[in-house]
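# A look at the structure
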Amino acid sequence: MPASAPSRESHMAFAHPYKLSISQHTNASTSSIVDESSDDDDMGERFDVLQEDVGKRKGKYQKKKKRRQGKRHRGQGVKRAQRRWQLHKTQIHEENEGITKRIPLPSSYHLFRSGQRTLEKVHIQLAEHFPAAPSDIPVASISSDEILVIQMTKSEAEADDHLPFSFDAMVVRLIKIFSRRSSDFIIHKWREFMATNPTLSPSKPRKQLNHLPWVTALQDRANSSDSRSATPAFHLGCWAKYAKVVRLTAESLQKKDEQNVAMDALLMAIKSHILDPICTIMQSLYPRMYLRAQNCHEYVREKLQKEFEQRPALDLGPIAFCVAIKDGGSEFPHLDFGDDPHHFSYVAALGENRTGGEWCAPQFGMKIPLERGQILAAKTAVIAHCTASFTGPRTAITMFTCKQLLKLADEWGATREARKSEWERQLRQFQIILKEQLVLAEEESDQDTQSE
């Protein structure tokens, strides 16, 4: 082999340095092998630690990524829900401006004097002029897609228009306010509330009335002396009954937290699925009534600010401030003496596979059917009404504002407007005085410049 030719090992080292390191490693001493093996173990541990750290960082990154995606998806879900709600309100508004069946106020309505303040006098008048039982009163000939409006004539409306907020409609049946899914959701929340065993305020015993035979038979069958129904109702929200200030109802303040939580969930469901759509429609159909309700809402919010901050679900306004809910109906004819005669109360009947249960008005000589999604708005303080017999499940929800609360709100609004006008008058006087002083100051400065 010539001297200039490279050896095999050097050729291999030149060509493959990694192989050379392997060969050198194999020719090393035992001590060096042990030392290098310990270094390899350290490197392995470091690699494991590094890999674990990278895994943790990757997991944190994935969690942050999912969190950001979740926020984005939730934000998109909220926007989609808002768009669906706006579309739903538009559809409700369009549908309730569609086919409307208007019926003039029947002449028999004036035979009943609604100014009576006791239930016994109401039953005496009904026995004299409208003795027929609800089963003998015909159902109004109206389809489920028609809006029913029973209204006064022009002359009657002009004679009744002694308040700035009165209007000609006496009864309005609205359609497609809530869906079957909404109805099932509200009933579910109602069952959850009743499962907590809430406390019901005791009702005052009333004497049995014997003027209407069919009412006496119902009272004997139900073993009840209540003036409206054999089954009591929960009154949730606020009113000014039996007091000179607005306050929460006794049944709105349950002793257990779980009862109040279930109640708040029920009220939120009623407000979002029923009261909000009604508010949208009434704002356009009867703006004067809505303005009065809005003024009442501002008054209630000012007086019950602390209560609403603790439990926002109790703020049901502006269209109604109290909800009466029960299973069944009001079988006995009555007037809602505590309601305002120039303000609507709203009735909804929930439950599927039900027959009967129409809203009966003997003064009108008709029964108005209430199907799923329909709301009946009526001046229940001047129209004697009851519920016709029915079979199947029925959950009745009545949403109203008491007369005393509206009266307090009207006085508060008038005082506020008077204070506002007085403040504006004083402001105008101050502006006039300020202008006069500025003019005098300018004249004095002009005279000084001329004298100089």
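Calculation criteria
Residues numbered from 1 in each chain as written. Predicted model: local features only at pLDDT ≥ 70, side-chain atom pairs only at ≥ 80, totals over all residues. Heavy atoms only, no water. Helix = DSSP H or I, 4+ residues; strand = E, 2+ residues; numbered from the N terminus. Buried < 20%, exposed > 50% of the residue type's maximum accessible area, 1.4 Å probe, protein only. Pairing = 2+ DSSP bridges. Salt bridge = Lys/Arg side-chain N within 4 Å of Asp/Glu carboxyl O. Patch = residues over 30% accessible without salt bridge, like charges linked within 9 Å, V, L, I, M, F, W, Y side chains within 5 Å. Areas by Shrake-Rupley, 256 points an atom, 1.4 Å probe, with all protein chains shown as cover. pLDDT = per-residue confidence, 0-100. Contact = heavy atoms within 4.5 Å. Axes fitted to C-alpha atoms, helices over the stretch in contact; angles between N-to-C directions. Parallel < 35°, antiparallel > 145°, perpendicular 65-115°, else oblique. Left-handed = near helix turned anticlockwise from the far one by under 90°. Nonpolar A, V, L, I, M, F, W, Y, C, P; charged D, E, K, R; others polar. Polar contact = N/O pair within 3.5 Å; in protein donor to acceptor, adjacent residues only side chain to side chain. Core = buried A, V, L, I, M, F, W, Y, C linked by side-chain atoms within 4.5 Å.

### Side note on unusual backbone geometry
Here Gly-317 and Pro-318 are connected by a cis peptide whose omega angle stands at 10 degrees. Not every positive phi belongs to a glycine, and Lys-176 is a case in point at roughly 55 degrees. Looking at the secondary structure, you find Lys-176 in the loop between β3 (169-174) and α6 (180-195). Among the residues examined, Lys-176 registers a relative accessible area of 43% and is labelled partly exposed. Look at Asn-353: it is not a glycine, yet its phi comes out positive at around 55 degrees. Structurally, the position occupied by Asn-353 is in the loop between β7 (345-350) and β8 (355-356). Classification of Asn-353 as exposed rests on a relative accessible area of 75%.

### Some remarks on the sheet that holds strand β10 (residues 366-368)
Neighbouring strands of a sheet are bound in pairs by backbone hydrogen bonds; such pairs are parallel or else antiparallel. Taking strand neighbours across the sheet as the criterion, the three strands line up as β10-β9-β12 in an open arrangement whose pairing is antiparallel. Where the open sheet ends on each side, the last strands, each with one partner, are β10 and β12 (386-387). Bridge count for strand β9 (residues 359-361) against β10 is three bridges, and the pairing is antiparallel. Bridge assignment links Trp-359 to a residue of β10, and that residue is Ile-368.

### Re the sheet that holds strand β14 (residues 395-400)
Ordered by their spatial adjacency, nine strands build an open sheet running β1-β2-β3-β11-β7-β14-β6-β4-β5, and the pairing between neighbours is mixed. Every interior strand has two partners, whereas the edge strands, β1 (100-104) and β5 (247-248), have only one. Looking at chain direction, strand β2 (residues 147-151) and β3 are connected through four bridges and run antiparallel. Bridging from a neighbouring strand, Val-149 pairs with Val-172 of β3.

### Brief notes about the pattern of salt bridges
Following the criterion strictly, the structure yields nine salt bridges and no others. Measuring nitrogen to oxygen at the nearest pair gives 3.7 Å for the salt bridge that ties Lys-189 to Glu-192. Placement of the pair is Lys-189 and Glu-192 together in helix α6, with a separation of three residues, close to one helical turn. For Lys-189, a relative accessible area of 18% gives the class buried. Take Glu-192: its relative accessible area is 35%, and that puts it in the partly exposed class. Across the pair Arg-191 and Asp-327 runs a salt bridge whose closest N-O atoms are separated by 3.3 Å.

### What to know about a nonpolar patch on the surface
Side chains of Trp-423, Leu-427, Phe-430, Leu-434 and Leu-438 sit close together on the surface and give an oily, nonpolar patch of about 530 Å² of accessible area. Using a relative accessible area of 33% as the deciding quantity, one classes Leu-427 as partly exposed.

### Topic: the confidence of the model for the chain
For the chain, per-residue confidence averages 80 on the pLDDT scale, and 71% of positions sit at 70 or higher. Contacts from residues 1-37, a stretch scored under 50 in pLDDT, to residues over four places away or in other chains number six contacts.

### Quick word on the packing of α6 against helix α8 (residues 257-285)
Put simply, α6 and α8 touch, their axes get as near as 8 Å, and they point 165 degrees apart. Between α6 and α8, the angle falls in the class roughly antiparallel. The handedness of the crossing between α6 and α8 is left-handed. Contacts between α6 and α8 involve Ser-182, Phe-185, Ile-186, Lys-189, Trp-190, Glu-192 and Phe-193 from the former and Gln-259, Ala-262, Met-263, Ala-265, Leu-266, Ala-269, Ile-270, His-273 and Ile-274 from the latter. Tallied by class, the residues present in the contact of α6 with α8 amount to eleven nonpolar, three polar and two charged.

### Structural notes on the environment of Val-347
Relative to the elements of secondary structure, Val-347 occurs in strand β7. The spatial distance from the C-alpha of Val-347 to the C-alpha of Thr-398 is 4.6 Å, given a sequence separation of 51 residues. Setting aside anything within four residues of it in sequence, one finds Val-347 in contact with Leu-370, Gln-374, Ile-375, Leu-376, Ile-397, Thr-398 and Met-399.

### A word on the side chain of Gln-254
Within the fold, Gln-254 resides in the loop between β5 and α8. Separated by 2.8 Å, the side chain of Gln-254 and the backbone nitrogen of Thr-199 make a polar contact. Of note is the side chain of Gln-254, whose polar atom sits 2.9 Å from the backbone oxygen of Glu-251. Beyond its immediate stretch of four places on either side in the chain, Gln-254 contacts Pro-198, Thr-199, Gln-259, Asn-260 and Met-263.

### Looking at the nonpolar core
Core analysis: the largest hydrophobic core is formed by 65 residues, its most contacted members being Met-282, Val-300, Ile-319, Tyr-346 and Met-399. For this core, the leading source of residues is α8, giving twelve residues. Ignoring anything within four residues of it in the chain, the contact list for Val-300 reads Cys-238, Val-246, Phe-308, Phe-321 and Leu-405. Ala-361, Met-366, Ala-378 and Ile-383 belong to the second-largest nonpolar core, a separate cluster that totals 21 residues.

### Quick notes on the pairing of strand β11 (residues 375-378)
Of the two faces of β11, the one holding Ile-375 and Ala-377 and the one holding Leu-376 and Ala-378 are both buried throughout. Summarising the sheet, β3 and β11 pair through four bridges and their orientation is antiparallel. The residue bridging Leu-174 from the neighbouring strand is Ile-375, located in β11.

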